[in-house]
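Each chain is listed here by its residues.
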Amino acid sequence: MRKEWEEYQAIYVHIPFCVQKCLYCDFASYANCTHQVKERYVAALCREIAYPLSLPVAEQATIYFGGGTPSTLTVEEIAKIVAALKAKGLWRNPKEATIEVNPGTVDVEKLKAFKGLGFTRISMGVQSLNDTELKAIGRIHTAEQALEAIAMAQKAGFEHINADVIYGLPQQSLETLKATLSGLLATAIDHISVYGLIVEEGTPLEKLLEENKISLPDEDMAADMYDFVQEFLGQKGFLRYEISNYARRGKESQRLVDTGYSRHNDVYWRYLPYAAFGASAASFDGLNRYTRPENIEEYIAFTQSLGETCYEAIAEPLDAAEGLSEYLMMGLRRSAGVDLAMAKERYGVDVLQRYGRELQPYMDLQLVGYDGETASLFLTSKGMAVGNQIFEIFV
């Protein structure tokens, strides 16, 4: 019987199209693309999906359509990609099938169609429920449209709905952040992802800051926002199970509901193999990472010349030391931490023996903990605030 890390446990499909590029975004996404470009891209995706994979795919491998904004494609185009995945045997009985959507790009009928295709979870880019803040970062939707889109997803039959939120936005205060979270928790969402704004190099946001056309909350305010998010969501019945992710607790238990967390992202955090398709998409088979061309036209050309040598050209081999390092850093993002028995089985290393001396000061400060029953190393709530500092131990 194969072990989890000997099969692809997740399938990711990248849709790089957006109605408008957000000011903070440095992802591989493109606005104002023609319908012809989208058609050619979908055809290229289907070509790549048909190509042989280096590992078998688990029957319950999760599915995730991300972007960009997948909902900018037509239902028919999404259906073609789904059909290609099913024809290849990559979409069989997924534990979870997620599609990202943005308010303003969906209606009830489109969401019902996604549900009919087999998607079980919606991930919605809300970011804020304050129109001034939304405008400041270049979002195309309003707060009202965001709440309407969540209601439409529920009406379409989705039981699992995630909302993305950003804190540290231009002109944001603790009061407006609280209003955003309160507004979202009053809806049907059962999951919320909260990220601190990062000013990426080369983005329009960076330029606006350099020209003093906008200002951001200072470091102290951003830290207060970080603390507030944890406290507020915890009080409202959401369990923090990963540094940036919260799932609604079960009604009869303080434990995480079985289907509330992101099973797809959990594959990444547990450092299990995943197959990815599309421009800039990166697959991981446990030994190698394969990253596709970011440019749409270059990606299309790549799929037209697929062959064994083509895939070898984009392979990034990872040695055992790199694999262990990434396994620990990804796994420590989870509140459950990393399975040290699995680390030893996969990489032949006793983590506490190798890194115990460096970890001990953080354990003494109760930033890192160890559970002997589950053989798990984990960051405490306080430790998650300085996670990047702790991760340097493994680099």
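Predicted, not measured: the structure shown is a model, and the values here were computed from it.

Conventions adopted
Residues numbered from 1 in each chain as written. Predicted model: local features only at pLDDT ≥ 70, side-chain atom pairs only at ≥ 80, totals over all residues. Heavy atoms only, no water. Salt bridge = Lys/Arg side-chain N within 4 Å of Asp/Glu carboxyl O. Helix = DSSP H or I, 4+ residues; strand = E, 2+ residues; numbered from the N terminus. Buried < 20%, exposed > 50% of the residue type's maximum accessible area, 1.4 Å probe, protein only. Polar contact = N/O pair within 3.5 Å; in protein donor to acceptor, adjacent residues only side chain to side chain. Contact = heavy atoms within 4.5 Å. Pairing = 2+ DSSP bridges. Axes fitted to C-alpha atoms, helices over the stretch in contact; angles between N-to-C directions. Right-handed = clockwise from strand over helix to strand, strands pointing away. Arc of directions from axis to C-beta. Phe/Tyr/Trp six-rings, centres within 6.5 Å; stacked < 30°, edge-to-face > 60°. Parallel < 35°, antiparallel > 145°, perpendicular 65-115°, else oblique. Left-handed = near helix turned anticlockwise from the far one by under 90°. Nonpolar A, V, L, I, M, F, W, Y, C, P; charged D, E, K, R; others polar. Core = buried A, V, L, I, M, F, W, Y, C linked by side-chain atoms within 4.5 Å.

Chemist: I tried to follow the pattern of salt bridges on my own but got confused; where do I start?
Modeler: Close approach of charged atoms allows side chains with opposite charge to pair. Under the criterion given, the structure shown has 11 salt bridges. Where glutamate 96 meets arginine 121, a salt bridge forms, and the shortest distance between an N and an O atom there is 4.0 Å. Placement of glutamate 96 in the loop between helix 2 (75–87) and strand 5 (97–101) and of arginine 121 in strand 6 (residues 121–127) is noted, with a sequence separation of 25 residues between them. Arginine 121 matches glutamate 96 in its accessibility class, with the two residues each being buried. Several salt bridges share partner residues, and in doing so they unite Arg289, Glu316 and Glu326 into one network.

Chemist: How should the side chain of threonine 180 be read in this particular structure?
Modeler: If you trace the backbone, threonine 180 turns up in helix 6 (residues 174–185). Polar side-chain contacts of threonine 180 include one of 2.9 Å to the backbone nitrogen of leucine 129. With sequence-adjacent residues up to four places away left out, threonine 180 is seen in contact with Ser128, Leu129, Asn130 and Val165.

Chemist: Sorry if this is basic, but what is going on with the sheet that holds strand 17 (residues 376–379) here?
Modeler: Hydrogen bonding along the main chain pairs the strands of a sheet, whether they run parallel or antiparallel. With antiparallel pairing, three strands are arranged side by side in an open sheet as 15-17-16. Strands at the two margins of the open sheet, each flanked by one partner only, are strand 15 (338–339) and strand 16 (368–371). Where strand 16 and strand 17 come together, four bridges link them in antiparallel fashion. The residue bridging glycine 369 from the neighbouring strand is phenylalanine 378, located in strand 17. In the packing of helix 14 (residues 351–364) onto the sheet, contacts are made with strand 16 and strand 17, and the angle to strand 16 comes to roughly 130°.

Chemist: Looking at this model, I keep getting lost on the pairing of strand 8 (residues 191–196). Mind explaining?
Modeler: On a regular strand, one side chain projects to one face of the sheet and the next to the other, so that they alternate. As judged from the six bridges shared by strand 7 (residues 160–167) and strand 8, these two strands associate in the parallel manner. In the sheet register, asparagine 162 faces strand 8, and the bridge partner there is histidine 191. Chirality of the crossover, the property in question, places the unit of strand 7, helix 6 and strand 8 among those that are right-handed. In this sheet, strand 10 (residues 245–248) lies alongside strand 8 in antiparallel orientation, the contact comprising three bridges. Note on strand 10: the bridge partner recorded for isoleucine 192 is tyrosine 246.

Chemist: I'm lost on the side chain of arginine 334 in this one. Help?
Modeler: Here arginine 334 is to be found in the loop between helix 12 (320–331) and strand 15. Of note is the side chain of arginine 334, whose polar atom sits 3.1 Å from the side chain of aspartate 266. Other than its neighbours up to four places away in sequence, arginine 334 contacts Tyr241, Glu242, Asp266, Trp269, Arg270 and Met384.

Chemist: Help me understand helix 13 (residues 340–347) in this model?
Modeler: Residues three or four positions apart in an α-helix share a direction because the helix packs 3.6 residues into each turn. Of all the residues in helix 13, the buried ones are Leu340, Met342, Ala343, Arg346 and Tyr347. Buried residues of helix 13, viewed axially, fall in a sector of 150°; they line one side. Residues of helix 13 that are buried make contact with helix 12, strand 15, helix 14, strand 16 and strand 17. Capping the start of helix 13, aspartate 339 holds a side-chain oxygen 2.9 Å from the backbone nitrogen of alanine 341, two or three residues further along. Immediately beyond the C-terminal end of helix 13, within one or two residues, lies glycine 348, with a positive phi of roughly 65°.

Chemist: Before we go on, may I ask you to explain the packing of aromatic side chains in this structure?
Modeler: Each aromatic ring pair is described using two quantities: the centre-to-centre distance and the angle formed by the ring planes. In this structure the tally under the stated criterion is 18 aromatic pairs. With a centroid separation of 5.1 Å and 85° between ring planes, the pair formed by phenylalanine 65 and phenylalanine 119 is classed as edge-to-face. On the criterion of sequence distance, the pair formed by phenylalanine 65 in strand 4 (residues 57–67) and phenylalanine 119 in the loop between helix 3 (108–117) and strand 6 is long-range, its members being 54 residues apart. Like phenylalanine 119, phenylalanine 65 is buried.

Chemist: Where do I start with the environment of leucine 209 in this structure?
Modeler: Within the fold, leucine 209 resides in helix 7 (residues 204–210). Of the residues examined, leucine 209 reaches a relative accessible area of 23% and is grouped as partly exposed. Linking leucine 209 and valine 199, residues 10 residues apart in sequence, is a C-alpha distance of 9.0 Å. In this structure leucine 209 touches Val199, Ile214, Ser215 and Leu216, once residues within four positions along its chain are discounted.

Chemist: What should I look at first to understand the packing of helix 6 against helix 8 (residues 219–235) in this one?
Modeler: Relative placement of two packed helices is described by the angle separating their axes and the distance separating the axes. Between helix 6 and helix 8, the least distance of the axes is 10 Å, while the angle of their chain directions is 25°. The angle between the axes of helix 6 and helix 8 places the two elements in the roughly parallel class. The hand of the helix 6/helix 8 crossing is right-handed. The segment helix 6 lies against helix 8, with Leu174, Leu177, Lys178, Leu181, Ser182 and Leu185 engaging Met221, Asp224, Met225, Phe228, Val229, Phe232 and Leu233. Residue composition of the contact of helix 6 with helix 8, grouped by class: 10 nonpolar, one polar and two charged.

Chemist: Any chance you could explain the nonpolar core here in plain terms?
Modeler: Nonpolar side chains in soluble globular proteins tend to be buried together. Phe65, Phe114, Phe119, Ile192 and Leu233 are the most contacted members of the largest nonpolar core, which totals 111 residues. Once residues lying within four places of it in the same chain are set aside, the contact partners of leucine 233 are Leu181, Leu185, Ile192, Val194, Phe238 and Tyr246. With 10 residues, the next largest nonpolar core counts Cys22, Cys25, Ile166 and Leu197 among its residues.

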